[in-house]
Amino acid sequence: VAMAGNAWRSMIHTVTMIPGDGIGPEISSAVMKIFEAAKAPIQWEERNVTAIKGPGGKWMIPPDAKESMDQSKIGLKGPLKTPIAAGHPSMNLLLRKTFDLYANVRPCVSIEGYKTPYTDVNLVTIRENTEGEYSGIEHVIVDGVVQSIKLITEDASRRIAEYAFEYARNNQRSSVTAVHKANIMRMSDGLFLRKCREVAETYKDIKFTEMYLDTVCLNMVQDPTQFDVLVMPNLYGDILSDLCAGLIGGLGVTPSGNIGANGVAIFESVHGTAPDIAGLDMANPTALLLSAVMMLRHMGLHEYGKKIETACFDTIRDKKVLTKDLGGNSKCSEFTADICRRVVDMD
Amino acid sequence: VQLLTDSHFNRHVFPPPPARYGGRHTVTLIPGDGIGPELANHVRELFWFCCVPVDFELVNVDSSLTAEDDINNAIMSIRRNGVALKGNLETNHNLPPSYKSRNNLLRTSLDLYANVMHCQSLPGVKTRHRNIDIMIIRENTEGEYSSLEHESVPGVVECLKIITRVNSLRIADFAFQTARQNGRRRITAVHKANIMKLGDGLFLECCKEVASGYPDIAFDTLIVDNATMQLVSRPQQFDMMLMPNLYGNVVSNVCAGLVGGPGLVPGANHGEHYALFEAGTRNTGRSIANRNSANPTAMLLASCLLLDHLKLPAYAHMIRRATLSTVTETRMHTADLGGQASTSDVIKSIRNAIQSTGPLTQSI
């Protein structure tokens, strides 16, 4: 449908693209190619987030990257190298702190064509990403006795619960389950649970249940179809989101999004940089692509998201041009080209 | 099923309490909540049927009371008898923190520091993965279950996770000794030391220290989120897994789910002086209580572990063989395994199996 040039141009959304390291650049360019083929109204602004030392001596992300994100509010990130002797903290941690990325969202949907022992998985894990067991507060009390502090606050718990219910509503999910261990950690998980219950009161259209972490694990590996949206504190979220990723086929096909305060959202692939195959046109861009689809949905561009996602799933289901990790022996560029072709054909 | 050996817990490290009163052992029995009481009855009746020289001292613990008298009685009884069999005690997590989990109180008061769960694929039980054989050793008293919490500022709660060198060395040593005794070749320690550098870092350090004293057993480590991912894609790669309390909770439930569910796997809790046997995943089963539909396998296998501990291998073998053959050969399955049998159907089948092995029993 033809549209007046100005109106169309004003609808283009800027997204900060952080290609990352290792296979990052190639999968990022694959995603950009597919978006171009789909004529998605996205304008990419590439930025590097390698930490630099700020004026006060504190490590921070480069100012041009921060500026771009603050303006665009939406980011797409490839895998980042974990520095060992670089002196600066993990970049992911830095990004999280800079933009207050408080919610990590992972939709886990079984991919038809990529067979795992679990079919029909369709759930979303929403993990509180700022506090809990990962507060990093540890002390040696006396020699041989260490205490790690798990921090649960009312505000963070309320915030994540509100996001979970809002997400459920916006994505037509029928129930939210709070995962906890309040039988043992009465005060901390009890507080988390209370906040979830309070928020549930204001979302009467969404069913709310509570379940112990161990019961969730037990039931998840037997019948994952009973779960819809799961909301939980940091550590349980870490474990469960990776467990669910394992159900659908691993980190190479799992999308992930981080929601921050002030409307910022960064979508990312959660696999590693795979330095052994970097630059060899062997990488699988599915994880980053599905994260980009998640991004489109977050931005309200549902038709583009559906188009690209369908093309991706069709390519995988067809099994003709799969990358090595999916069981084929095609190149990344061939896989990408196939998806592009399908996207164009859909118009 | 040859895999499940009878010398499962033929431990030389902790001798069982001596039999008293004419060669009969006294064992504390705590029925618990939910399906606990009915399963405890089945164990008692089966032991009577098989003429097992065990007398159960029944101690009821009412988990709805806030007073701790009941649980203290139970602890005293276990101190007296040295061994116990229990069902799960429900914890009302809406009560204030002063009401502690009864199960946790038992474990910490009696210093039952090692939780052992052996998850094995059983022929005849339909699961997505086959050939699983994992032994899980979980630290049972400290870590995230230290129950030390405080609200320093309103709306901000701190929960302390304690890891000590003494307990980490102790559980690691237990693991390596158990591995040796059971012919296990490899131990995988599960941790999150990349984030909890001091806490889990100390745990790992202790494991590595102990590992160096057992060169015949391979030792590697795995981060907990990766471990769960590996477990749902390729669980056959694991042999024995060793970890602190909370990760143990997650991993043991994942493994139990992989081999067929909470109705099949027994669990053992060992301390220096006491031993406590129960269903591995510690579920109350409130929704299926008193409906004659619970799977008695886990509880019965737990009672066999109890008999192993008391050095009564013949009885242990008899009951274990009959219980397992009912699951794997006769395939008398309760609802949780996709079947339609009732608990009493399964028990009857087990009795028949035992009766057919020889004249050791009471008449049916």
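All figures in this text were calculated on a predicted structure; none of them were measured in a lab.

1. Some thoughts on the overall build of chain A
Point 1. For chain A, the count of helices and strands is eleven helices and 14 strands.
Point 2. Relative to a compact globule of 347 residues, whose C-alpha radius of gyration would be 20 Å, chain A shows 21 Å and is just as compact.
Point 3. Taking the principal axes of its C-alpha atoms as reference, chain A extends roughly 60 × 50 × 45 Å.
Point 4. Across the 347 residues that make up chain A, the buried fraction comes to 57%.
Point 5. Sequence separation of at least 24 residues holds for 73% of the intrachain contacts in chain A that already meet a minimum separation of 6.
Point 6. Distance between charge centres in chain A, computed from 37 positive and 42 negative side chains, equals 1 Å.

2. Regarding the sheet that holds strand E10 (residues 240-243) of chain B
Residue and element names in this part refer to chain B.
Point 1. Read from one edge to the other, the open sheet built from ten strands follows the order E2-E1-E3-E12-E11-E4-E5-E10-E8-E9, with strand pairing classed as mixed. Each end of this open sheet is capped by a strand with a single partner; those strands are strand E2 (54-58) and strand E9 (218-223). Averaged over neighbouring strand pairs, the angle between their axes works out to 25° when direction is ignored.
Point 2. As defined by bridge partners, strand E1 (residues 25-30) adjoins strand E3 (residues 83-86) across three bridges and the pair is classed as parallel. Bridge pairing in E3 links Thr 28 to Ala 84.
Point 3. Strands in contact with helix H7 (residues 245-259) are strand E4 (114-120), strand E5 (133-139), strand E8 (186-191) and E10; relative to E5, the strand with the most contacts, it is inclined by about 155°.

3. With respect to the interface of chain B and chain A
Point 1. At the junction of the two partners, chain B supplies 57 residues and chain A supplies 50 residues.
Point 2. Here chain B and chain A share an interface that buries about 4500 Å² over both sides, 64% of which is from carbon and sulfur atoms.
Point 3. Considering only the surface of chain B that becomes buried against chain A, B:His93, B:Arg128 and B:Met229 emerge as the three largest contributors, covering 16% of it.
Point 4. Counting the contacts that link chain B with chain A gives one salt bridge.
Point 5. Across the pair A:Asp238 and B:Lys192 runs a salt bridge whose closest N-O atoms are separated by 2.7 Å.
Point 6. Where chain B touches chain A, the interface holds 25 residue pairs in polar contact (both at pLDDT 80 or more).
Point 7. Mapped onto the side of chain B that touches chain A, the elements with two or more residues apiece are strand E6 (143-153), strand E7 (156-164), helix H5 (199-211), helix H6 (224-233) and H7 of chain B.
Point 8. Here strand E9 (residues 145-153) of chain A runs beside E7(B); their pairing, made up of nine bridges, is antiparallel. In the strand pairing of E7(B), A:Gln147 is matched with B:Ile162.

4. Overview of the sheet that holds E9(A)
Point 1. A sheet is described by the order of its strands in space; here four strands give the open sequence E8(A)-E9(A)-E7(B)-E6(B), paired in antiparallel fashion. If you trace the sheet from one side to the other, it starts and ends with strand E8 (132-142) of chain A together with E6 of chain B, each paired once. For this sheet, the mean inter-axis angle between neighbouring strands, taken without regard to orientation, is 30°.
Point 2. Two strands pair when backbone bridges link them, and E6(B) and E7(B) are joined in this way by six bridges, in the antiparallel orientation. Residue pairing across strands places B:Leu148 opposite B:Leu160, the latter belonging to E7(B).
Point 3. With respect to the sheet, H5(B) is in contact with E8 and E9 of chain A together with E7 of chain B, its orientation differing from that of E7(B) by roughly 15°.

5. Re the pairing of E10(B)
The side chains of a regular strand alternate, first on one face of the sheet and then on the other.
Residue and element names in this part refer to chain B.
Point 1. With burial as the criterion, each face of E10 is covered, one bearing Met 240 and Leu 242 and the other bearing Met 241 and Met 243.
Point 2. Both E5 and E10 contribute to a ladder of four bridges, which runs parallel. Across the sheet, residue Ile 137 finds its bridge partner in E10, namely Leu 242.
Point 3. By the bridge criterion, three bridges tie E8 to E10 in an arrangement that is parallel. Of the residues in E10, the one forming a bridge with Ala 189 is Leu 242.

6. Here's the deal with the environment of B:Ala175
Residue and element names in this part refer to chain B.
Point 1. If you trace the backbone, Ala 175 turns up in helix H4 (residues 165-181).
Point 2. Given a relative accessible area of 0%, Ala 175 falls into the buried group.
Point 3. Remark: the alpha-carbon pair of Ala 175 and Met 240, spanning 65 residues in sequence, is separated by 8.4 Å.

The rules we used
Residues numbered from 1 in each chain as written. Chains lettered and ligands numbered in written order. Predicted model: local features only at pLDDT ≥ 70, side-chain atom pairs only at ≥ 80, totals over all residues. Heavy atoms only, no water. Helix = DSSP H or I, 4+ residues; strand = E, 2+ residues; numbered from the N terminus. Rg over C-alpha atoms; globule rule 2.2 N^0.38 Å. Buried < 20%, exposed > 50% of the residue type's maximum accessible area, 1.4 Å probe, protein only. Contact = heavy atoms within 4.5 Å. Lys, Arg positive; Asp, Glu negative; His and termini not counted. Charge placed at Lys NZ, Arg CZ, Asp CG, Glu CD. Pairing = 2+ DSSP bridges. Axes fitted to C-alpha atoms, helices over the stretch in contact; angles between N-to-C directions. Buried area = accessible area lost by both parts, 1.4 Å probe. Salt bridge = Lys/Arg side-chain N within 4 Å of Asp/Glu carboxyl O. Polar contact = N/O pair within 3.5 Å; in protein donor to acceptor, adjacent residues only side chain to side chain.

The analysis is restricted to geometry; functional conclusions fall outside its scope.
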